[in-house]
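Observations on chain architecture
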Amino acid sequence: MRSIASRMSVMTGEGALSVYARAKELESQGHSIIHLELGEPDFHPGPSVIESATRALAEGKDRYCAVAGLPALREEIAAYLKRTRNIDVSAANIVTAPGCKAALFFAMMALLEPGDEVLYPDPGFPGYASIALGLGAVPVPFELSSRNHFQPNPSEIAGKITRRTRMMITNSPGNPTGTVYTDAVQRALAEIAVKHDLWVLSDEIYARIIYGSEYISMLRYPGMEERTLIIDGFSKSFAMTGWRLGYTVAPPEVVSALLMMAVNTYTCVNEFVQYGAIDAMRDREGSTPRMVAEFARRRERFVHNLNQVPGFQCEAPEGAFYAWVDIRGTGTSAEEICRVLLEDGGVAAIPGAAFGPSGRDFVRFSFASSVENLDEAAARIKRASTVWQGTLAER
Ligand SMILES: Cc1ncc(COP(=O)(O)O)c(C=O)c1O
C-alpha cells in the first residue's frame, strides 16, 4: 500500500510561515498588513556582493563544484571567524550547506541514533525539536524562563541528563528571546557537555547581531573543540536569506560524515552564490555594522512603544531582531492576541507557543522592518488592545 513515511507525521512546520500565508491571503483581499512575523532582515547585500555573484555567473561559475564549498570561501569563513569571534578553525573544518536549516538537519542526521536524547532550548527555533523527532531521536526541552531573563539554567539541564543524552543544542543570541547567554552560563553548559561527553550544536546564526559586549562562541570553552559544531550562515548577518547559504564548523570525523551527507543530497552549494558570499564576508562596504546599528535604533524605539501597550511587557533583547513580549497582563491568550492583531489590527506576529510550550504566554514581533512600519505597527497594536482591555474590564 502506498503511504507517507511515519516520520513525516511527527515533524512540525513553522508558525511564522503559516502566519505569513494568512497575512498574504488578507493582503490579497485588500487589507493592509505590517509583516512582523518573518525572521528576515529588510536589508539587501551591498553592490559589491551582487557584483561578485553576477560576475561569477557571467564567467560561467555555474557548475558543480567542491562538495565542502569552494576552498576560497572556506578560507574566508575561517578568517572571518577568527576576526569576529576569535576562534581558530581551518578551512578543513568547514562544510557549506544550502542554508543553516539544512546544516542543522545534516549535522543531527550525522550524529543521532534513534532514541538518543537531544537537549534544546524552549522556547527555541522550531526546527530543533522537529528535526530530532523526524530522525527518531527524543527532543528534551530546557526552559528559558522570564524569571531567569531567558538564560538557560545549567542545574535544570544537568538534572535532565540520562544515559541516552547525546547532544545539547545552544542558540545564542537566541530566537525567539534574543538572549545572549552569559559567559558563566556557557562555561557551565560546556562543563556539563564535557562531563557527559555530549555533542554540542551551537547555532550561532545571530552572532553578529548583538547590542552589547563581545560575542563568545561555545567553541572557546575548555574541552569544546572536539565536541562542538557551530552552525552559521549568511541569512541574518549578511541579509542574504534567499541566497540559501550556511555552513558547519566541525571536528574532522564529523566533517567526513557531513561530506557524505552532501554527496548523497545537495552535492555542493551554488557556485556563483559562493563568490558573492566571499565578498559579503570581507564586508568592504560596512553593511553588517550599519544594519546592526539600525536594528539597535529600532529595538530601543519599538520595545519602548510595545511597553506602552496595556498588558504587554517586553525586555530589550540583547541580540537578534525579535521583541519577545510577555502578554500575561492582557488576560487574553497569545493566539487570540495574534488573531486580533492580524485580522482586525493589520499586524502579523507569532504566538509564542510556535516556539515551544514555554513560549505560551508570549508573542514574537520581528523588528527587522522600517522605523515607519514599526511606528505604524505600534499604533495599530495600541488601537487593537482595546479588545483585551475590554476583557480585563469585564473581570
Ligand atoms: C535560530 C535559527 N537557526 C537557523 C535558522 C535557519 O536559517 P537559514 O535561513 O540559514 O536556513 C533560523 C532562521 O530563522 C534561525 O532563527
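Here we take up the packing of aromatic side chains. Overall, the coordinates contain 17 aromatic pairs when judged by the stated rule. Ring geometry for W324 and F355: centres 6.0 Å apart, planes at 85°, overall edge-to-face. A residue pair is termed long-range when its members are at least 10 positions apart, and W324 in strand β10 (residues 322-326) and F355 in the loop between β12 (350-351) and β13 (362-366) qualify at 31 residues. Per residue, the accessibility class of W324 equals that of F355, and both read buried. Ring centres 5.0 Å apart and planes at 0° place the aromatic pair W324 and F362 in the stacked group. One end of the pair, W324, is in strand β10; the other, F362, is in strand β13, and 38 residues separate them in sequence.

Going residue by residue along strand β8 (residues 246-249), you find G246 and T248 tucked away on one face and Y247 and V249 tucked away on the opposite face as well. Of the strand pairs in this sheet, strand β2 (residues 94-97) and β8 are connected by four bridges, and their pairing is antiparallel. Within β8, the residue paired with T96 across the bridge is Y247. Relative to β8, strand β7 (residues 228-233) runs antiparallel, the two being bridged by four bridges. By the bridge assignment, D232 is partnered in β8 with Y247.

Entries for the protein chain in the domain assignment read domain 1 (7-44 + 287-388) and domain 2 (48-282). The C-alpha centroid of domain 2 is placed 25 Å from the C-alpha centroid of domain 1. Across the boundary between the two partners, domain 1 contributes 35 residues, which contact 36 residues of domain 2. Of all residues in domain 1, the largest losses of buried area upon contact with domain 2 belong to E318, W324 and F355, amounting jointly to 19% of the total for that side. Summed over the shared surface of domain 1 and domain 2, the result is one salt bridge. Residue K101 pairs with E14 through a salt bridge whose shortest N-O separation is 2.6 Å. Between domain 1 and domain 2 we count 17 residue pairs in polar contact (both at pLDDT 80 or more) in total. Mapped by element, the contributors of at least two residues to the side of domain 1 that touches domain 2 are α1 (7-10), α11 (287-306), β10 and β13. Residue composition of the side of domain 1 that touches domain 2, grouped by class: 18 nonpolar, nine polar and eight charged.

Glancing now at the packing of helix α5 (residues 100-111) against helix α6 (residues 127-134). Helix packing geometry: the angle between the two helix axes and the distance between the axes. Across the interface, α5 lies against α6 with an axial gap of 10 Å and an inter-helix angle of 40°. Comparing the axis directions of α5 and α6 gives the class oblique. Note on packing geometry: the crossing formed by α5 with α6 is right-handed. Note on element contacts: α6 touches α5 through Y128, I131 and A132, opposite K101, L104, F105 and M108. A class-by-class count of the residues in the contact of α5 with α6 yields six nonpolar, no polar and one charged.

It is worth spelling out the sheet that holds β10 at this point. Spatial ordering of the open sheet is given by β9-β10-β13-β12, a layout of four strands whose pairing is antiparallel. A strand with exactly one partner marks an edge of an open sheet, and here the two such strands are β9 (313-314) and β12. Bridging between β10 and β13 involves five bridges; their strand directions are antiparallel. Considered in β13, the bridge of V325 is made with V363. Sheet contacts for helix α12 (residues 334-345): β12 and β13; angle to β13, the most-contacted strand, approximately 40°.

Rules and cut-offs
Residues numbered from 1 in each chain as written. Predicted model: local features only at pLDDT ≥ 70, side-chain atom pairs only at ≥ 80, totals over all residues. Heavy atoms only, no water. Phe/Tyr/Trp six-rings, centres within 6.5 Å; stacked < 30°, edge-to-face > 60°. Helix = DSSP H or I, 4+ residues; strand = E, 2+ residues; numbered from the N terminus. Buried < 20%, exposed > 50% of the residue type's maximum accessible area, 1.4 Å probe, protein only. Pairing = 2+ DSSP bridges. Domains from an automatic or database assignment. Contact = heavy atoms within 4.5 Å. Buried area = accessible area lost by both parts, 1.4 Å probe. Salt bridge = Lys/Arg side-chain N within 4 Å of Asp/Glu carboxyl O. Polar contact = N/O pair within 3.5 Å; in protein donor to acceptor, adjacent residues only side chain to side chain. Nonpolar A, V, L, I, M, F, W, Y, C, P; charged D, E, K, R; others polar. Axes fitted to C-alpha atoms, helices over the stretch in contact; angles between N-to-C directions. Parallel < 35°, antiparallel > 145°, perpendicular 65-115°, else oblique. Left-handed = near helix turned anticlockwise from the far one by under 90°.

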